[in-house]
Amino acid sequence: RATLLYQFDFTNVLGIGEVISTAVITAIFSQGPTPPSNTDLTNMVSGSATWLNGLVSQLITGGYAGNTYELLATITTSNSQVIPLSGSVYVDYL
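Here, residues in each chain are numbered from 1, in the same order as that chain's written sequence. Local features are withheld for residues below a pLDDT of 70 in this predicted model, meaning they are given only at 70 or higher, and side-chain atom pairs are given and counted only at 80 or more; totals for whole chains, interfaces and linings count all residues. To get the side-chain values, take all heavy atoms of the structure and skip hydrogens and water.

Draft legend 1. Quick look at the overall build of the protein chain. In this description a helix means any DSSP run of H or I spanning at least four residues, a strand means any run of E spanning at least two, and both kinds are numbered starting from the N terminus. The secondary structure content of the protein chain amounts to one helix and six strands. When the helices and strands of the protein chain are placed in sequence order, the string is β-β-α-β-β-β-β. Along the longest, intermediate and shortest principal axes, the C-alpha atoms of the protein chain span 45 × 20 × 20 Å. Only protein chains enter the accessibility calculation, which uses a 1.4 Å probe; a residue is then buried when its area is under 20% of its type maximum, exposed when over 50%, and partly exposed in between. Out of the 94 residues belonging to the protein chain, those deemed buried represent 35%. Taking contacts inside the protein chain between residues at least 6 apart in sequence as the whole, the part at least 24 apart equals 67%. Where accessible areas are quoted, they stem from the Shrake-Rupley method and a 1.4 Å probe; at the residue level, only the protein chains shown are allowed to cover. Surface accessibility of the protein chain: about 5,500 Å² in total, with carbon and sulfur atoms responsible for 53%. By the convention used here, residues are in contact when the closest approach between their heavy atoms is within 4.5 Å.

This is the structure in structure tokens:
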């Protein structure tokens, strides 16, 4: 089972003194030969996200070889801003 610590960098969108209050990560199927079930996508996001100094880290596990997944991080800040940021990951092999 493939495992990756994925990081999202929010440092450029946080104001002076503003910090991350919450972070939620979602995996979304983008493309590939094996469309996953909703349970597979939920299980890819392992545990809770952590954050420090504007960087959000999330352990990603599993997925199907040959598939590309979009990872969407949505944070809420100390100024009540809700900010999304996405990235993608390709599963080469398990």
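That shown, we press on.
Draft legend 2. Examining the sheet that holds strand E4 (residues 55-61) more closely. Think of it this way: DSSP has to see at least two bridges between two strands before they count as a pair. Pairing is antiparallel in the open sheet, where three strands are placed in the order E1-E4-E3. Both outer strands of the open sheet, strand E1 (3-9) and strand E3 (45-52), are each paired with one neighbouring strand and no more. Averaged over neighbouring strand pairs, the angle between their axes works out to 20° when direction is ignored. Where E1 and E4 come together, seven bridges link them in antiparallel fashion. Opposite Tyr-6, over in E4, you have Gln-58 as the bridge partner. In this analysis, axes come from line fits to C-alpha atoms, helices being fitted only over the stretch in contact, and the angle between any two N-to-C directions falls in the range 0 to 180 degrees.

Draft legend 3. Region of the structure containing the nonpolar core. Of all hydrophobic cores here, the largest spans 21 residues; its most connected members are Phe-8, Phe-10, Ile-25, Val-56, Leu-71 and Ile-75. Of all the elements in the fold, those that place two or more residues in this core are E1, strand E2 (20-31), helix H1 (38-44), E3, E4, strand E5 (68-77) and strand E6 (82-90). Once you skip the residues sitting within four places of it in the chain, Ile-75 turns out to touch Phe-10, Leu-14, Ile-20, Thr-22, Ala-23, Val-56, Gln-81, Val-82 and Ile-83. Here, nonpolar core refers to any group of buried Ala, Val, Leu, Ile, Met, Phe, Trp, Tyr and Cys residues whose side-chain atoms link them within 4.5 Å.

Draft legend 4. Local environment of the side chain of Thr-68. As for its placement among the helices and strands, Thr-68 is situated in strand E5. Residue Thr-68 is classed as buried on the basis of its relative accessible area, which comes to 14%.

Draft legend 5. Focus on the sheet that holds E5. If you walk across this open sheet you meet the three strands as E2-E5-E6, and the pairing is antiparallel. Strands at the two margins of the open sheet, each flanked by one partner only, are E2 and E6. This sheet shows a mean twist of 20° between the axes of neighbouring strands, independent of strand direction.

Draft legend 6. Layout of unusual backbone geometry. Within the chain, Asn-53 stands out as a residue other than glycine whose phi angle is a positive 55°. With respect to the secondary-structure elements, Asn-53 resides in the loop between E3 and E4. Asn-53 gets classed as exposed once you look at its relative accessible area, which sits at 66%. The residue Ser-80 is not glycine, and still its phi comes out positive at about 65°. Owing to a relative accessible area of 61%, Ser-80 belongs among the exposed residues under this scheme.

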